[in-house]
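Residue-level structural notes
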Amino acid sequence: MALGRRSGNDIATPPVRRHILARLAGLIAFVVVAFVMTVWIIERRTRDDEFSAAVRSVETLLAQKIDTATGLMRATVAALGTSDEIAHAFQMRDRDRLRSSVGPLFDTLRRDHRITHLYFTGLDRVNVLRMHEPETHGDLIDRFTTRTAAETGAPSAGIELGPFGTLTLRSVTPWKHDGATIGLIELGEEIGPLLADTGLSLGVHLYALIRRDTTDPTIWRQGRRMSGQPARHLEFGDHILVSQSSPETLPAERALFPELLYDGSIRTVQTSGGPLSVATAPLRDASGRAVGVLAIFADRSRAQATFTYWMILATLASLAAGAAVFFSFNRALAGVEAAYRRQHELEHRLLTISDEHQRIVRLEKLSAMGTMVGEIAHQLNNPLVGVVNMAQLAERSVDKPDRVREMLGEIRKAGQNCSAFVKRMLDFTKVSCFDSRPTDLRAIADEALALFNQSIGRRVSIERVMPDAPAVAVVDPNLLGHAIFNLLTNAAQATGEGGRVRISLAQAAHADGRPGWRFTVEDDGPGISDDAMRRLFTPFFTTRKEGTGLGLAVVQHIVLLHEGEVGAANRQEGGASLALWLPEAVSVAPRAPDESAA
Ligand SMILES: Nc1ncnc2c1ncn2[C@@H]1O[C@H](COP(=O)(O)OP(=O)(O)OP(=O)(O)O)[C@@H](O)[C@H]1O
Ligand SMILES: [Mg+2]
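Predicted model, so just to flag it, every value in this text is computed and none were measured.

**Considering the overall build of the chain**
Of regular secondary structure, the chain possesses 14 helices and 18 strands. The principal-axis extent of the C-alpha atoms belonging to the chain is close to 200 × 65 × 50 Å. Within the span of the chain, comprising 598 residues, buried residues form 38% of the whole. Taking contacts inside the chain between residues at least 6 apart in sequence as the whole, the part at least 24 apart equals 65%. Surface summary for the chain: the accessible area is close to 33,000 Å², and the carbon and sulfur share equals 57%.

Rendered as structure tokens:
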């Protein structure tokens, strides 16, 4: 694996949380906006529908009120008609008597029943008496209702437009007395109160506007002046306001008169006082002629304020709910993200550690190899330098045979040293040839002791402690003998002249329960320093001038091949103690003889 492939700071968390939250916020915003829009549209529709219904009801309700008023007028006329005195006074055209006879009744009608006009007219339509205006008489009345009643002999009623621009509900009834029709009685009522009743019932304001071309403006203005109310009736373009349901003209409504659409359409206008719904309905007189319009206004400001209040509350509540959902999602996602990040970091750290470990192992291998090559070179170079020097000296001393022989002896010794070193190296590599079989460990110890006694050039006292019964284990006798020989040699080298070495073998189970044997080699030398203890089994570690440092490395290798263990310790009473533990049987299958021979 290439070093530095991964940089330390490339732990990037994918922006999952941001993506999810962005989508969630979008969704919440969409739901809230859709909710507000829907409610707003529904409110608009409801408002317009309500007003349309009110507009339709205005005409119906006004017609009903007109019917009721007309009925009352006819009942009054019927009562009047029965009076012989009144009939007689009329027939005699005795206007004073007629006036005094009808006076009290007219006063009552005017006061209690909103009747403003009472006419007594001949069948020739020439007026006999106007109770409301006694000075004017003798004129021909040419109104539709009067004409119809005179021509047909049947009652006629309806709204009539007067010369002064007044709209009056008139009811003309043929006057029957003693089986004969003697004249016409006409009662009239201003339409203002009828508009007021209708407006109040439907919660709307009503204004009656007549077309300017239906009346003479000069006469109209004169009439207003005469009635003392010039200011209340106003002109708006080609229309004149003649009556209304409320006592005052509301400024916001009045401001709209010039722009009123006279096509009957409905619309809602924003005014300074709030939204105002407005519509018009045609205003027809008794003959069915359209004389103007009925403007209908509905003030929506209170309904609008209530709606706005609840709408704001509902929107805030929706936003609060949305925010709660958003933040709980945020928190949950933060938890998921943190867990993800932790795991990611852990994986990253493991990978880094593994990389680092491999790097160190490689460096150690390189360094061990370098050390080994250096040591080998050193070990071979020393005797070779000696050989070269001796050879040069020998060349110069050819005339001194004794000196040459001496030097050749030195050269041979140096060659033998090199050869011994090379042999140890070969031994070191040979330990991988492993040929194990059940063997009595006591015999191996004895062979190693015999070899040791031959090779050691001085007196060392050896103590041998072996079990009486055969101590059998599956081992490679040659390798194990070599290992024990090395331990004995080291122990002897550590002790001085007359030193003591003890070799013992005892049965010992491993901590993991495997049965086995333990060889212990102890001496009474100086013991092992802390530094040497750490590097004891490292190849080429040595403190001896003539040592190679391979002895214990070989021992460790042999023990590991046997699935055993090797350890070193300093004895309390002084000296070192090296112990080999070997299992009774190894798990590796023994090699076939021909294989091992190869
Ligand atoms: N019984 C012991 N007491 C004190 N030190 C020891 C003992 N055995 C080994 N050592 C130390 O461990 C070192 C390494 O031992 P090892 O057998 O590997 O190499 P060596 O004996 O120095 O050389 P070689 O075995 O090649 O002749 C020794 O140089 C010595 O310092
Ligand atoms: Mg040694």
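**Considering the sheet that holds strand β4 (residues 167-177)**
Strand pairing in a sheet is mediated by backbone hydrogen bonds. Such pairs are either parallel or antiparallel. What the 5 strands build is an open sheet, ordered β2-β1-β5-β4-β3; its pairing is antiparallel. In this open sheet, the two edge strands, each paired with only one partner strand, are β2 (127-130) and β3 (156-161). Between one strand axis and the next, the sheet turns by 25 degrees as a mean value, whatever way the strands run. Looking at chain direction, β3 and β4 are connected through 6 bridges and run antiparallel. Bridge pairing links Glu-160 to Thr-168 in β4.

**Some words on the layout of surface pockets**
Reported here for the second largest pocket is a volume of approximately 1,100 Å³. Residues that form the lining of the second largest pocket fall into these classes: 14 nonpolar, 18 polar and 13 charged.

**What about the environment of Ile-444?**
With respect to the helices, strands and loops of the structure, Ile-444 is situated in helix α10 (residues 441-455). Among the residues examined, Ile-444 registers a relative accessible area of 5% and is labelled buried. Along the sequence, Ile-444 and Ile-484 sit 40 residues apart, while their C-alpha atoms lie 8.5 Å from each other. Discounting chain neighbours no more than four positions away, the residues touching Ile-444 are Thr-439, Val-475, Pro-477, Leu-480, Gly-481 and Ile-484.

**Brief notes about the sheet that holds strand β16 (residues 516-523)**
An order of β13-β15-β16-β18-β17 is seen for the 5 strands of this open sheet, with the pairing classed as mixed. Looking along the sheet, the strands with just one partner apiece sit at the ends: β13 (461-465) and β17 (565-570). Neighbour to neighbour, the strand axes of the sheet diverge by 15 degrees on average, direction disregarded. In this sheet, strand β18 (residues 576-583) lies alongside β17 in antiparallel orientation, the contact comprising 6 bridges. When the sheet's bridge partners are listed, Glu-565 is paired in β18 with Trp-581.

Reading the values: rules and limits
- Residues numbered from 1 in each chain as written.
- Chains lettered and ligands numbered in written order.
- Predicted model: local features only at pLDDT ≥ 70, side-chain atom pairs only at ≥ 80, totals over all residues.
- Heavy atoms only, no water.
- Helix = DSSP H or I, 4+ residues; strand = E, 2+ residues; numbered from the N terminus.
- Buried < 20%, exposed > 50% of the residue type's maximum accessible area, 1.4 Å probe, protein only.
- Contact = heavy atoms within 4.5 Å.
- Areas by Shrake-Rupley, 256 points an atom, 1.4 Å probe, with all protein chains shown as cover.
- Pairing = 2+ DSSP bridges.
- Axes fitted to C-alpha atoms, helices over the stretch in contact; angles between N-to-C directions.
- 1 Å grid on protein atoms, 1.4 Å probe; cavity = no way out; pocket = protein on both sides within 12 Å on 5 of 7 lines; lining within 4 Å.
- Points joined across faces, edges and corners; volume = space filled by probe spheres on them.
- Nonpolar A, V, L, I, M, F, W, Y, C, P; charged D, E, K, R; others polar.

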